[in-house]
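For reference, the chains in residue letters:
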Amino acid sequence: MTPVPFYKYQATGNDFILIDNRDGIVKASIELAQKLCDRKFGIGSDGLILIQKHDTSDFEMVFYNPDGSQSLCGNGSRCAVNFAHKLGLLDNHTTFMAYDGLHEAEILDNKEVRLKMSNVQNVSHLADGTFVDTGSPHLMVFTNEVNNCNVVEAGRSIRYSDTFKAKGINVNFVEVKEDNSIFVRTYERGVENETLSCGTGVTASALASTEKGLVSPIRVSTKGGNLSVEFEKNSTSEFTEIYLIGPAKEVFSGTIDID
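1. Some words on the pairing of strand β5 (residues 93-98)
Regular strands place side chains that alternate from one sheet face to the opposite one.
Inference 1: Residues of β5 alternate between two faces, with Thr94, Phe96 and Ala98 buried on one and His93, Thr95 and Met97 left unburied on the opposite face.
Inference 2: Pairing between strand β4 (residues 59-64) and β5: 2 bridges, direction parallel. Directly across from Glu60, in β5, lies its bridge partner Met97.
Inference 3: Taken together, β4, helix α2 (residues 74-86) and β5 form a β-α-β motif whose crossover is right-handed.
Inference 4: Sheet topology places β5 next to strand β6 (residues 101-107); 6 bridges connect them, and they run antiparallel. Bridge pairing in β6 links Phe96 to His103.
Inference 5: In sequence, β5 turns back onto β6 through a hairpin of 2 residues.

See the structure below:
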């Protein structure tokens, strides 16, 4: 058994285990992610993040969902940026490698993290809702009563439907509010439950909301806190210069024995 330091971070209630793995001591695996993310027998979190060396950027972020699957994680990326700053890998600006490629980010004067997301080509309309891929696939269901939604039951029903069960889908329930804002609740695949916030889901929901008349920047409320999404949209409905902005904070640290 090897004692390994870990750090717990949260970004609008989305919580993550972060490990400095630049020395390569931790061997990433599905089993390790499942063990550490378990809220009863492990540390407990919505995901595991390893910070690793990268040849052409400041660091590489390796992310695992609690079930061991991998994808881009927007809130996790913002936590990774703050953690990398703590490790001395960057000043206020950074480039890092993630699941879907290279990303840029900066730590603002108010300590929030402004994360640049990959371009999004279009918004698609499916029978179950509106589809947008923001590094992780998302389906948006617009409703006037998000607070009254049974997010787990309804989200799980869509996620495990014949259409999506093979690869899975994240399901966002979106309510358009006044003053160019939205309220979002998300059922996350990989977590297989509602999370207090989902960065890629918040981003996808904001982009999809442009079809409801909203424009950049869009303020987003979640059960875990508030974020904002900035973007540019061209005449062919391609979204560029997409930024997810919000807080990311260290909660506590410790050491855990890993085989």
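2. Brief notes about the pattern of salt bridges
Inference 1: Counted by the stated rule, this structure contains 13 salt bridges.
Inference 2: A salt bridge links Arg185 to Glu194, with the shortest nitrogen-to-oxygen separation between them at 2.8 Å. Both residues of the pair, Arg185 and Glu194, count as buried.
Inference 3: Of the charged contacts in the structure, one is a salt bridge between Lys223 and Glu194, with a shortest N-O distance of 3.9 Å. With Lys223 in the loop between β14 (218-222) and β15 (225-233) and Glu194 in strand β13 (residues 193-195), this pair connects stretches of sequence that are 29 residues apart.
Inference 4: Owing to a relative accessible area of 18%, Glu194 belongs among the buried residues under this scheme.
Inference 5: Each of the salt bridges in this network shares a partner with another, and the network as a whole consists of Lys8, Asp15, Arg39 and Asp46.

What counts and what doesn't
Residues numbered from 1 in each chain as written. Predicted model: local features only at pLDDT ≥ 70, side-chain atom pairs only at ≥ 80, totals over all residues. Heavy atoms only, no water. Buried < 20%, exposed > 50% of the residue type's maximum accessible area, 1.4 Å probe, protein only. Helix = DSSP H or I, 4+ residues; strand = E, 2+ residues; numbered from the N terminus. Pairing = 2+ DSSP bridges. Right-handed = clockwise from strand over helix to strand, strands pointing away. Salt bridge = Lys/Arg side-chain N within 4 Å of Asp/Glu carboxyl O.

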